[in-house]
Amino acid sequence: MKKKPEKILPISEETSVKAGKLESLIKLSNDIRKSERRLPISFNEFLYLASTNMECVFRDIFQLFHDMVNYYVPEGIDDYNDKESIGYVKYDLQNLFVKDCDSPFFGDRLFANRFMNLVAGFRKGTQGHNIFLFEGPPGSGKSTFLNILLQKLEDYAKTNEGTTYKLYWKLDIEQLGGLPIFDVEPLFYANRDYSRQEKQKTSTMGTARHPGRYIEFSCPNHDHPILIIPKSYRRQFLDELIPDSEFKSRLFSEKQYEWVFRDVPCNICNSVYKSLLDATGDPLKVYDMVYARKNFFSRQLGEGISVFSPGDQVINEPISNPTLQNWINLLFRNDDVNFTFSHLAKTNNGLYALMDIKENNVERLKKLHGIISDGVHKVYLAEEYIKTLFLGLINPDDKKHYEYTPSFKDRIITVNVPYILDYNTEVAIYKNKFGSGIENMFLPRVLENFAKIIIASRLDSNSQSMKKWIPNPEKYKKYNDKGLLLLKMGIYTGRVPSWLTDDDLKKFDRQTRKMVIGDSDNEGRKGFSGRQSLIVFDKFLSKYGQNAKILTMDTLSNFFKNKEYGYDIPIPDGFIDSLVNLYDFNVLQEVKEAIYHYNKKRISRDIQNYLFAVNYETGETKKCDYTGDTIIITEDYLKDFEAIFLGTTGRAEERKIFRESVRSEYVRKTLYKEIRLENKAITDTAQFNAMFEKYKGNLRENALAPFSNNENFRRAIQDFGSVSFRTYDNRLRRDVSRLLGQLQKKFNYTEDGARQVSIYVLDKDLAKKY
């Protein structure tokens, strides 16, 4: 086969293509330069930044981590005022753990509060000598959580908001008298006991190309540039440097900034500073060689972030740079600067993470004990100060490696990462795994109910907190399970259900809320794991999602009752039946709301007439001052109106009390104060508006009554959308059309779903049940 000749572009077209490629390359180059370029700035430029952008410049790793989290997570929303709040805040973790993440992590409200409370402490300066272990059972998403945190820290450090600086040296060879390049061997070996191999190695280094005018290197310990100002002068220097008195007051008094005045530079930078001062005799000349460079965080390179898996080899050997060591020794004509540091220096002012406390990570954890406690360890004869954010992941069974060592246990702060306990978050995981379109496969509420069954296996069904709050759960058997798990699930999402009695709502005070939320600290460690939950959901979809038009509550209930999910994991006794009861109650309210229709003018007229008539004796005929209607005031007239508020079975005594109460409020407050003194229309008074809402609510409650045993109504729902639907009378067609239309509009049903749930409510006679 002949090879096709390459297409030869016309000169203008070829030039255009090349120009297009060049333009794209230039744009890429500019973008990379903006985000990746880390040219050092002079110490003077750094001090200008320190005086104008103080909050950003004066940060250690704990403050940086705090700011990173709050950069991605907006301020939370509390459901209660300051007096009643227990600090159970609604946080949006999407930007931190979901957005731009290949494998997102979904944390529920309970975990979000634990995590954000931990992070808040990082800005208080109290967490420096601890290691933070995120503890959870296998399959709870710990590894995903930590991997995302590390990646977001890398990303944040590249932004302007996340920029921090470290010391950078630019040693001026000419100013320091030049480099005696030909005196390598005698000078380099002075006062050192080198083996023959080391002499051969360093001799080769010594004959390397001259470094130019400058010897440049970053502080391997990532020291903050301000630390190069001697401790004894630092406070006075910053007092003169920073003009902002408010920040300066915080800098000098708050614990989070103590490191600014306490910490010292690493032994390498300290030695370089002293050697320069000896060589120049002038501190200003020394500071001319001090620069600042943006910190670079890279998990891949182990720079600023180091992550160790259990199988990774333990590193004990110090790190050195023989070539740089050689130049420095030649420059200062001595070996006072020992350019040697440990691998821990790579994460000083950075983050050190252990992925599971097993195998080699057990040894690593034990070796960190002294460093975490004291913040210092030895590298040969020199002390190396370490301030690192130490994180780790741990399974409950692995706590044995430290829990019997009290001194170490005190340095470990554990944060629970249990299985998800919020059904909304569990649903979000399903949507992420199987696609957001799965929601359209279920009737409303059914997908959430799948998640509730999974979560029920993870909760404590014998909660003492719930028993103390509600000693007699039997009164809620129509809406709840005997262990009150459904109630607890609602509270964990931040929602208190409407069916609680007023007495129980009053008892749900600050102390009770704190007690109930506190249960979550010991839950989520059993039941379906995160991975198992996805497998069960996949089985359910595979079996029923292919053929069914839409997945119903009956399908879901049978799947779990028949134990088709394939695991020997118990679901609390009676929970599924209780879940069905609650579902029935909720869909009944939806159908009532959808079919309910009221005439606002008619209700308003009825209330105004009653408020006027109740002030007269029965048997009288009066013209209402508000509506102009002529009212024949009889017992039946009053009784018919009062039945809307008291029910048709209301006793005469109840009606009398109701009538007197209405009359008293009308005369004392509505007529005398609001109408006569405040010149309000009766329809603007508090009494009228309260009665109007009650009237509407009671109409809604009984909205389904006329249709409950109406077979014609049921058939009309089934025939909706077909030719047969036209055969029904206008009023019935109007009622059915309103019902199905409102279910779609208000509760997100499809037309077919609205039809199904309406038939479900009628066939189960739910109006009678509740």
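For clarity, every value in this text was computed on a predicted model and none was experimentally measured.

A.B. asks: Where do I start with the packing of aromatic side chains in this structure?
C.D. replies: Each aromatic ring pair is summarised here by two numbers: the centre-to-centre distance and the angle between the ring planes. Inspection of the entire model under this criterion finds 55 aromatic pairs. Summarising the aromatic geometry, the rings of Phe 217 and Phe 339 are spaced 5.5 Å apart at their centres and angled 90° between planes, so their arrangement reads as edge-to-face. Remark: Phe 339 occurs in the loop between α15 (322-332) and β10 (340-341) and Phe 217 occurs in strand β6 (residues 214-218); sequence separation between them is 122 residues. A relative accessible area of 6% places Phe 217 in the buried class. Residue Phe 339 is classed as buried on the basis of its relative accessible area, which comes to 5%. Summarising the aromatic geometry, the rings of Tyr 610 and Phe 641 are spaced 4.3 Å apart at their centres and angled 15° between planes, so their arrangement reads as stacked. Of this pair, Tyr 610 sits in helix α27 (residues 600-613) while Phe 641 sits in helix α28 (residues 635-646), and the two are 31 residues apart along the sequence. We classify Tyr 610 as buried; its relative accessible area is 0%. Three or more aromatic residues joined by ring pairs make a cluster, and in this case those are Tyr 430, Phe 434, Phe 442, Phe 450, Phe 528, Phe 537, Phe 540, Tyr 544, Phe 559, Phe 560, Tyr 565 and Tyr 567. Lying over the aromatic face of Tyr 72, Lys 152 brings its terminal NZ or CZ to 4.7 Å of the ring centre. For Lys 170, the ring lying beneath its charged end belongs to Tyr 214, and the centroid distance is 4.9 Å.

A.B. asks: How do you make sense of a nonpolar patch on the surface when you look at a structure like this?
C.D. replies: A cluster of nonpolar residues, Leu 25, Leu 28 and Ile 32, forms a patch on the protein surface that exposes about 280 Å² of accessible area. Mapping Leu 25 onto the fold places it in helix α1 (residues 11-36). Among the residues examined, Leu 25 registers a relative accessible area of 53% and is labelled exposed.

A.B. asks: Got a minute to help me understand empty space enclosed by the protein in this structure?
C.D. replies: If a probe as big as a water molecule is rolled over the atoms, it shows which places are left empty. Considering all chains together, one arrives at three cavities of 30 Å³ or more under this definition. In this model, the largest cavity occupies a volume close to 70 Å³. Together, Arg 59, Asp 60, Ile 61, Leu 64, Thr 164, Tyr 165, His 222, His 224, Asn 295, Phe 297 and Asn 349 line the largest cavity. Considering only residue class, the lining of the largest cavity consists of four nonpolar, five polar and two charged. What lines the second largest cavity is simply Glu 135, Gly 136, Pro 137, Pro 396, Asn 416, Val 417, Pro 418, Asp 521, Glu 523 and Arg 525. Partitioning the lining of the second largest cavity into residue classes produces four nonpolar, two polar and four charged.

A.B. asks: Please explain the sheet that holds strand β8 (residues 305-308) as it appears in this structure.
C.D. replies: Consider a sheet: its strands pair through backbone hydrogen bonds, and that pairing is either parallel or antiparallel. Strand order in the open sheet formed by five strands is β8-β11-β14-β4-β15, and the pairing between neighbours is parallel. Each of the sheet's edge strands pairs with one partner strand only, and the pair in question is β8 and β15 (412-416). Going across the sheet, the axis of each strand differs from the next one's by a mean of 20°, ignoring polarity. Where strand β11 (residues 351-354) meets strand β14 (residues 389-394), four bridges bridge the pair, whose relative direction is parallel. Looking at β14, one finds that Ala 353 is bridged to Leu 391.

Calculation rules
- Residues numbered from 1 in each chain as written.
- Predicted model: local features only at pLDDT ≥ 70, side-chain atom pairs only at ≥ 80, totals over all residues.
- Heavy atoms only, no water.
- Phe/Tyr/Trp six-rings, centres within 6.5 Å; stacked < 30°, edge-to-face > 60°.
- Helix = DSSP H or I, 4+ residues; strand = E, 2+ residues; numbered from the N terminus.
- Buried < 20%, exposed > 50% of the residue type's maximum accessible area, 1.4 Å probe, protein only.
- Lys NZ or Arg CZ within 6 Å of the ring centre and 35° of its normal.
- Patch = residues over 30% accessible without salt bridge, like charges linked within 9 Å, V, L, I, M, F, W, Y side chains within 5 Å.
- Areas by Shrake-Rupley, 256 points an atom, 1.4 Å probe, with all protein chains shown as cover.
- Salt bridge = Lys/Arg side-chain N within 4 Å of Asp/Glu carboxyl O.
- 1 Å grid on protein atoms, 1.4 Å probe; cavity = no way out; pocket = protein on both sides within 12 Å on 5 of 7 lines; lining within 4 Å.
- Points joined across faces, edges and corners; volume = space filled by probe spheres on them.
- Nonpolar A, V, L, I, M, F, W, Y, C, P; charged D, E, K, R; others polar.
- Pairing = 2+ DSSP bridges.
- Axes fitted to C-alpha atoms, helices over the stretch in contact; angles between N-to-C directions.

None of the figures reported here should be taken as evidence of function without further support.
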